[in-house]
Amino acid sequence: MKFSVTFGAVGAGRDPRGLAALARLAEECGWDAVFLEDYLVYQGDGTVPTYDPWVCLAAMACATDRIRLGTTVTPLPRRHPWKVAAEAVALDHLSGGRMILGVGIGDPSDPFLPQASPRVLAEMLDEGLAVIDALWSGEPVHHHGKHYQLDGVRLAARPVQRPRIPVWIGGNLLVPAVRRRILRWDGSCAYKGPTTASLPVLPDDVRSLRAERGDDFDIKVSGGDPAAFAAAGATWWGRWIAPGPTTEAERILRAGPPALG
């Protein structure tokens, strides 16, 4: 099992320079990855300074050598998929092949999210992922979908990682469409239950996913007993570090990953 921390790029000490320093400390203290929540306005609160997570990831890539870096999660319907594809490739090269792209339909509190039903946002997510995967091939892409149109466009720069940058799926494990999406891609960073009344992901949930997909698949969980999740087949355990004093974040990072027993 590998261990990660997740930050929001929000508030004092969470600008690109501050997050680069925290990522460097995480690497020095034995963590395996640092992920950023992808907000432009953090959880819809326009009073809190929020920094573009992709610029922060670039700073973090330059400050580290080993740890994985990525988003958990990017609300893909808020973005042009071709822009996400190009940015992710650039980060994969900048980091030497350490990028992970986590995606979801987005937080309803996000003021920049399209005003559409969850069904339409899910359509945009699935179609956007198809566009991104095709663009990462380096071949001309002809895509004529419901939400996106491309006619022979090519991104010649390809990811360092093969066959692609890992794509992890977020969302509610209890929604069948989310579960199907998880099983089509490279990993799960999903939660369980609605965001307004979330339930803990349990080792049995991990066993169920592992039974459906097999071993060639990452499952990231948060909270609970890391050893129990590792025994169930989870490959990543993560800790969310709430916005607040940098000293508290540093304390958590310096403590290092939890022991497995």
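To start, this report covers the structure provided alongside it.

Analysis parameters
- Residues numbered from 1 in each chain as written.
- Predicted model: local features only at pLDDT ≥ 70, side-chain atom pairs only at ≥ 80, totals over all residues.
- Heavy atoms only, no water.
- Core = buried A, V, L, I, M, F, W, Y, C linked by side-chain atoms within 4.5 Å.
- Buried < 20%, exposed > 50% of the residue type's maximum accessible area, 1.4 Å probe, protein only.
- Helix = DSSP H or I, 4+ residues; strand = E, 2+ residues; numbered from the N terminus.
- Contact = heavy atoms within 4.5 Å.
- Axes fitted to C-alpha atoms, helices over the stretch in contact; angles between N-to-C directions.
- Parallel < 35°, antiparallel > 145°, perpendicular 65-115°, else oblique.
- Left-handed = near helix turned anticlockwise from the far one by under 90°.
- Nonpolar A, V, L, I, M, F, W, Y, C, P; charged D, E, K, R; others polar.
- Arc of directions from axis to C-beta.
- Phe/Tyr/Trp six-rings, centres within 6.5 Å; stacked < 30°, edge-to-face > 60°.

## Re the nonpolar core
And step 1. Judged by nonpolar contacts, the single largest core of 63 residues is most densely connected at Phe7, Val34, Trp136 and Leu253.
And step 2. Here this core takes nine residues from helix α4 (residues 118–136), the largest share from any one element.
And step 3. In this structure Phe7 touches Arg14, Leu19, Leu22, Val34, Phe35, Leu36, Glu37, Ile241, Ala249 and Leu253, once residues within four positions along its chain are discounted.

## A closer look at the environment of Trp240
And step 1. Note that Trp240 resides in strand β10 (residues 236–240).
And step 2. Judged by relative accessible area, which is 46%, Trp240 ranks as partly exposed.
And step 3. Linking Trp240 and Leu113, residues 127 residues apart in sequence, is a C-alpha distance of 23 Å.
And step 4. Setting aside anything within four residues of it in sequence, one finds Trp240 in contact with Thr6, Glu37 and Tyr42.

## Points about the packing of helix α1 (residues 16–28) against helix α2 (residues 53–63)
And step 1. Packing of α1 against α2 leaves a shortest axis separation of 8 Å and a crossing angle of 40°. Between α1 and α2, the angle falls in the class oblique. At the point where α1 passes α2, the crossing takes the right-handed sense. Here α1 contributes Pro16, Leu19, Ala20, Ala23 and Arg24 to the contact with α2, which in turn contributes Val55, Cys56, Ala59, Met60 and Ala63.
And step 2. Residues belonging to the contact of α1 with α2 are distributed by class as follows: nine nonpolar, no polar and one charged.

## Quick word on helix α6 (residues 203–213)
Every α-helical turn comprises 3.6 residues, leaving residues that sit three or four positions apart pointing alike.
And step 1. Of the residues making up α6, those classed as buried are Asp205, Val206, Leu209 and Arg210. When α6 is viewed along its axis, its buried side chains cluster within an angular range of 135° and face the same direction. In α6, the exposed positions angled more than 90 degrees off the buried face are occupied by Asp204 and Ala211.
And step 2. Of the surrounding secondary structure, the elements contacted by the buried residues of α6 are α5 (176–184), β8 (187–188), β9 (218–222) and α7 (226–232).
And step 3. Positive phi appears at Gly214, one or two residues downstream of α6, with a value of about 100°.

## Let's talk about the packing of aromatic side chains
And step 1. Inspection of the entire model under this criterion finds six aromatic pairs.
And step 2. With 5.5 Å between their ring centres and 45° between their planes, Phe35 and Trp168 make a pair best called tilted. Here Phe35 is found in strand β2 (residues 33–37), whereas its partner Trp168 is found in strand β7 (residues 167–169), with 133 residues between them in sequence.
And step 3. Residue Phe35 is classed as buried on the basis of its relative accessible area of 0%.
And step 4. Looking at Trp168, the relative accessible area reads 0%, which means it is buried.
And step 5. Relative to Tyr42, the ring of Tyr39 has its centre 5.1 Å away and its plane inclined at 65°; by these criteria the two rings are edge-to-face.
And step 6. For Tyr42, a relative accessible area of 7% translates into the label buried.
And step 7. Put simply, the rings of Phe35, Trp168 and Trp236 pair up and form one aromatic cluster.

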